[in-house]
Amino acid sequence: MDRPIYLDCHATTPVDDRVLAAMLPYFTTHFGNASSVGHAYGWEAEAAIAQARDILAAAIGATPEEIIFTSGATEANNLAIKGVAESYFSRGRHIITLQTEHNAVLDPCRYLASLGFEITFLPVQADGLIDVDTLEKALRDDTILVSVMAANNEIGVLQPLAEIGALCRDLNILFHTDAAQAIGKIPLDVEAMKIDLMSLTAHKVYGSKGIGALYVRRRDPRVQIAPQFHGGGQERGLRAGTLSTPLIVGLGKAVEIALEELPSESARISGLRDHLWQSLQSIDGIHLNGHPTQRLLGNLNVSIEGVDGQALLLALQPVIAVSSGSACTSAKVTPSHVLQALGLSDALAYASLRFGIGRFNTEEECDRAAHCVIDVVQSLRDR
Ligand SMILES: *Cc1c(COP(=O)(O)O)cnc(C)c1O
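Analysis parameters
Residues numbered from 1 in each chain as written. Predicted model: local features only at pLDDT ≥ 70, side-chain atom pairs only at ≥ 80, totals over all residues. Heavy atoms only, no water. Helix = DSSP H or I, 4+ residues; strand = E, 2+ residues; numbered from the N terminus. Rg over C-alpha atoms; globule rule 2.2 N^0.38 Å. Buried < 20%, exposed > 50% of the residue type's maximum accessible area, 1.4 Å probe, protein only. Areas by Shrake-Rupley, 256 points an atom, 1.4 Å probe, with all protein chains shown as cover. Lys, Arg positive; Asp, Glu negative; His and termini not counted. Charge placed at Lys NZ, Arg CZ, Asp CG, Glu CD. Core = buried A, V, L, I, M, F, W, Y, C linked by side-chain atoms within 4.5 Å. Domains from an automatic or database assignment. Contact = heavy atoms within 4.5 Å. Near = heavy atom within 4 Å. Polar contact = N/O pair within 3.5 Å; in protein donor to acceptor, adjacent residues only side chain to side chain. Nonpolar A, V, L, I, M, F, W, Y, C, P; charged D, E, K, R; others polar. Pairing = 2+ DSSP bridges.

Novice: Explain the overall build of the chain to me, please; I cannot follow it from the model alone.
Specialist: Of the regular secondary structure elements, the chain holds eleven helices and 15 strands. Rg of the C-alpha trace for the chain: 21 Å, near the compact-globule value of 21 Å for 383 residues, within the 12% margin. Oriented by its inertia axes, the alpha-carbon framework of the chain measures out at about 70 × 55 × 40 Å. Counting only residues that meet the buried cut, the chain has 55% of its 383 residues in that class. Summed over its atoms, the accessible surface of the chain is roughly 16,300 Å², and 53% of this surface lies on carbon and sulfur atoms. Treating the 30 positive side-chain charges of the chain as one cloud and the 44 negative ones as another, the clouds have centres 4 Å apart.

Put into C-alpha cells, the structure is as follows:
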C-alpha cells in the first residue's frame, strides 16, 4: 500500500539527500571529538563544526562566537528563557510572551512562574498577529525579557520582529525569538531586527532531528545567560556535552541549502499552497485561520464548519498525513491553544487541518490532497 502523502512539514521534514551526504563521513571516518586538541581526529571535527558555525552565523547576521549548539529548539528556548531569568532576576522578574507560542516557550515560562517570576501571556489579534501597542502597554520597569516567535508552527503567521525588537531595545529589555519554523524560510537578521536571543532547529528545514542552536548576542548589549547543563565546558561553558559533529555539519548544510534555494523554493511552494487553497475553497463553510498573507509560504490552516474533527482526520489518514487542531497530551484530546487564542470555538478548532507544504511536495500531490479533503467532507456531511 502507498504511504500517505506527507503534508505535515511544520511537524518535521525529511533529511535532504545533500544534507545526509555531508553528514555521513562524520559518523564513520571523521568521528573525532572536537575537544580532542591533541590529534588530527579532533582537529577535523573542530574544523567541520567551525564551518557550520560560520554558516549559521552568516545566515542570521551574527558572529560565530554567538552561536551555541543545542539539541534543538526546545533546549534552545529553555536555555534562553531560564538562562536569562537566572541571570537577570535581580533586575526584574517579569517576562512577556504570547498565548500562541509553542509549548517549548510556554512551559519554561510556566515553570518560572512556579518559582516566583511573573509572566504575561499576551493575547493576539484574530489574525494571529501581535498588536505592538498592546505589547508596549504590557512592558514594565521590571520586565527583563520579551519572547515572541518568528513564525507560528500551526497557523504560520509571521510576527513583526523588527518592530518588537526596536521597542525592546529602546527600553533595555531583552528580546528572544523562537525561529524554529522561520530559519531558511524567511530572511532573519539579528542586527536589523534587534534580536538578542534566537532559537533554531534543523529538522524543520530538511536537517536532522536532535540538533539546533541558540544565538546569544555578545555586544550592544552583551547578553548573560546562566548555563542549564554543567560538565565539560563546551560552548564556552554555556552548554556542556560533547558536540555531535555529524548533526552540526548537517544543520549547517541544511541552512546553507535553504538560503541558496530560498527565492526559487519560495515561489514554487507558495504556488502549491495557493493552488491547494484555491481548490479547497469549493467546500462550503471553509475558513482560513491566521493572517492571509503575513504567513509562511508553505502553511495553510483551515477550519471546516459542520464536520467532526476526529472523523475528518480519521478518514483522511490513509491518503494524506496532516495535523488537526487538537493536541493529544497524555491521552486527553484538547483543542489547539493557538486556534483558541484566535477566538475559534472548540468545534471549529477541532475541525481544522494544518497543511505544511515543503521541498519535496508536488502539484500532483496537492491536487490529490485537495480532492481527498473535498470528498471526505462531502461524505461526512451526507451521513
Ligand atoms: C518544532 C518547534 C519547536 C521544537 O523544536 P525541537 O527542535 O523539536 O525541540 C519549538 N518551537 C517551534 C515554533 C517549533 O515549530
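More follows now that the structure is in view.
Novice: Whenever I open this one, the nonpolar core confuses me. Can you help?
Specialist: Inside soluble globular proteins, nonpolar side chains tend to come together where they are buried. Within the largest apolar cluster, 67 residues are counted, with the highest numbers of intra-cluster contacts made by Ile60, Phe69, Leu135, Val146, Leu188 and Met198. Split by domain, this core shows at least three residues from each of two domains, domain 1 (5–14 + 262–382) and domain 2 (17–259). Once residues lying within four places of it in the same chain are set aside, the contact partners of Val146 are Ile96, Leu135, Leu139, Ile164, Cys168, Ile173, Leu174, Phe175 and His176. In terms of nonpolar packing, the next biggest core, distinct from the first, is built from 30 residues, Leu7, Leu312, Val376 and Leu380 among them.

Novice: Can you walk me through the site of the ligand in this structure?
Specialist: In the vicinity of the ligand, the contacting residues are Gly72, Ala73, Thr74, His102, Met149, Asn153, Asp178, Ala180, Gln181, Thr201, His203 and Lys204. With respect to the ligand, the side chain of Thr201 contributes an N or O atom lying 2.6 Å from an oxygen atom. The side chain of Lys204 places a nitrogen or oxygen atom 2.7 Å from an oxygen atom of the ligand. Relative to its unbound accessible area of 380 Å², the ligand is 87% covered by the protein chains. Class assignment of the residues belonging to the shell around the ligand gives a composition of three nonpolar, seven polar and two charged.

Novice: Just checking my understanding: could you explain the sheet that holds strand β10 (residues 299–304) for this structure?
Specialist: Within a sheet, neighbouring strands are paired by backbone hydrogen bonds and run either parallel or antiparallel to one another. Ordered in space as β9-β10-β15-β12, the four strands form an open sheet in which the pairing is antiparallel. The open sheet terminates on both sides in strands that have one partner only, identified here as β9 (286–288) and β12 (323–324). One ladder, built from five bridges, connects β10 with strand β15 (residues 352–356); its direction is antiparallel. Considered in β15, the bridge of Asn301 is made with Arg354.

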